[in-house]
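One-letter residues, chain by chain:
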Amino acid sequence: MTTYAVRPGAEAVSVRGSEVGVLVLHGFTGSPQTMQPVTDALVAEGFSVEAPRLPGHGTEMEDMLTTGFDDWSAAVEAAHADLAGRTSSVVVVGLSMGGTLAAWLTARQPEIAGAVLVNPLVAPIDPAMLAMVEEMVQAGETVAPGIGSDIADPDAVENAYPGTPLVPLQSLAAGVVSLQTELPKISCPVLLMTSADDHVVDPSNSDHLAATVSGPVERVALERSYHVATLDYDKQLIVDRTIDFVRKVTA
């Protein structure tokens, strides 16, 4: 098996701080670099932080081809267990697929104090798109054009893979389907931040989540950013609202 080096900036983050813990989750084909402004700010505030690099991510694209939703969710569970074991309360923050996994975890862990979801993928993917993906897989293709670095700011770049691994994408789609029965179990406060102009995850996903969870939802519009809003023009807004939310739900 080929071992790939971790990309610069894609390293996992694990910091011991206060009794308040924050679990930070990146998206599909991305890495912890995608969440770096949020992670750095949380560390600077003195919180305990875990920002894992999900299996298959942050190295080379070939390393992701054999991974799937079970691998990513297991890594998230392990990171949460480690963080919860050394803190008194935990908040989960996730972008895109990181939002999917944050919702998945929060539904299973009712003691989580709150969830911050940025452009989360939480609604089933268009069947026509999945049918096209299946045709490509049956034809022997493994990778489609990339979805990373959907950013309005021309000076910002996401350290994402240049392509989209197809079988892992199918696994993600199946994970989102299974998430539908879990969403109503989310009863903790949710901070939901959504880009109006998102070329990866339709903003209607946020509407779906807000209508489905059972807990209170606070919504923030990201007017200047595309999908990877954590690296885009609204990154400071995301940082500020996230820190305020973490303080509020763990007070």
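Before reading on, note that the structure itself is shown above.
A brief structural summary. (Residues numbered from 1 in each chain as written. Predicted model: local features only at pLDDT ≥ 70, side-chain atom pairs only at ≥ 80, totals over all residues. Heavy atoms only, no water.)

**Here we look at the packing of helix H2 (residues 69-84) against helix H3 (residues 97-108)**
Right, on to step 1. Two numbers describe how H2 lies on H3: the axes approach to 10 Å, and their chain directions differ by 60 degrees. As summarised for this structure, H2 and H3 are arranged oblique, according to the angle between their axes. In the packing of H2 onto H3, the handedness of the crossing is right-handed. Across the interface between the two elements, Phe69, Trp72, Ser73, Val76, Glu77 and His80 of H2 pack against Met97, Thr100, Leu101, Trp104 and Leu105 of H3.
Right, on to step 2. Tallied by class, residues from the contact of H2 with H3 come to seven nonpolar, three polar and one charged. (Axes fitted to C-alpha atoms, helices over the stretch in contact; angles between N-to-C directions. Helix = DSSP H or I, 4+ residues; strand = E, 2+ residues; numbered from the N terminus. Parallel < 35°, antiparallel > 145°, perpendicular 65-115°, else oblique. Left-handed = near helix turned anticlockwise from the far one by under 90°. Contact = heavy atoms within 4.5 Å. Nonpolar A, V, L, I, M, F, W, Y, C, P; charged D, E, K, R; others polar.)

**A few points about the nonpolar core**
The nonpolar side chains of a soluble globular protein tend to be buried, and buried together.
Right, on to step 1. Membership of the largest hydrophobic core comes to 44 residues, with the highest contact counts inside it found for Leu23, Trp72, Val92, Leu101, Leu172, Ile186 and Leu209.
Right, on to step 2. Broken down by secondary-structure element, the contributors of at least two residues to this core are strand E2 (20-25), H2, strand E4 (89-95), H3, strand E5 (114-118), helix H4 (127-138), helix H5 (166-179) and strand E8 (190-195).
Right, on to step 3. Not counting residues within four places of it along the chain, the set of residues in contact with leucine 23 comprises Glu50, Pro52, Val76, Ala79, His80, Leu83, Val91, Val92, Val93 and Leu105. (Core = buried A, V, L, I, M, F, W, Y, C linked by side-chain atoms within 4.5 Å. Buried < 20%, exposed > 50% of the residue type's maximum accessible area, 1.4 Å probe, protein only.)

**Here we look at the environment of asparagine 119**
Right, on to step 1. Along the chain, the position of asparagine 119 falls in the loop between E5 and H4.
Right, on to step 2. The sequence separation of asparagine 119 and alanine 229 amounts to 110 residues, and the corresponding C-alpha distance is 8.1 Å.
Right, on to step 3. Excluding residues within four positions of it along the chain, asparagine 119 makes contact with Leu95, Ser96, Met193, Thr194, Ser195, Asp198, Val201, Tyr226, His227 and Ala229.
Right, on to step 4. Polar contacts involving the side chain of asparagine 119 include one to the main-chain amide nitrogen of serine 195, which spans 2.7 Å. (Polar contact = N/O pair within 3.5 Å; in protein donor to acceptor, adjacent residues only side chain to side chain.)

**Section: the side chain of serine 96**
Right, on to step 1. As for its position among the elements, serine 96 is in the loop between E4 and H3.
Right, on to step 2. Judged by relative accessible area, which is 9%, serine 96 ranks as buried.
Right, on to step 3. In contact with serine 96, other than residues within four places in its own chain, are Gly27, Val118, Asn119, Pro120, Leu121, Val201 and His227.

**Some words on the packing of aromatic side chains**
Right, on to step 1. The full count for this structure, using the stated rule, is two aromatic pairs.
Right, on to step 2. A ring pair is formed by phenylalanine 28 and tryptophan 72, whose centres lie 5.9 Å apart and whose planes are at 80 degrees; its orientation type is edge-to-face. Of this pair, phenylalanine 28 sits in the loop between E2 and helix H1 (36-44) while tryptophan 72 sits in helix H2, placing them 44 residues apart in sequence. Summarising the burial analysis for this pair, phenylalanine 28 and tryptophan 72 share the class buried. (Phe/Tyr/Trp six-rings, centres within 6.5 Å; stacked < 30°, edge-to-face > 60°.)

**Points about the environment of glycine 140**
Right, on to step 1. Along the polypeptide, glycine 140 turns up in the loop between H4 and strand E6 (143-145).
Right, on to step 2. With a relative accessible area of 56%, glycine 140 lands in the exposed category.
Right, on to step 3. Separated by 85 residues in the primary sequence, glycine 140 and serine 225 have C-alpha atoms spaced 36 Å apart.

**Re unusual backbone geometry**
Right, on to step 1. In this structure, serine 96 takes a positive phi of about 60 degrees despite not being glycine.
Right, on to step 2. Backbone geometry places serine 149, a non-glycine residue, at a positive phi of 60 degrees.
Right, on to step 3. Relative to the helices and strands, serine 149 is located in the loop between E6 and strand E7 (163-165).
Right, on to step 4. Look at serine 149 and you get partly exposed, because its relative accessible area is 29%.

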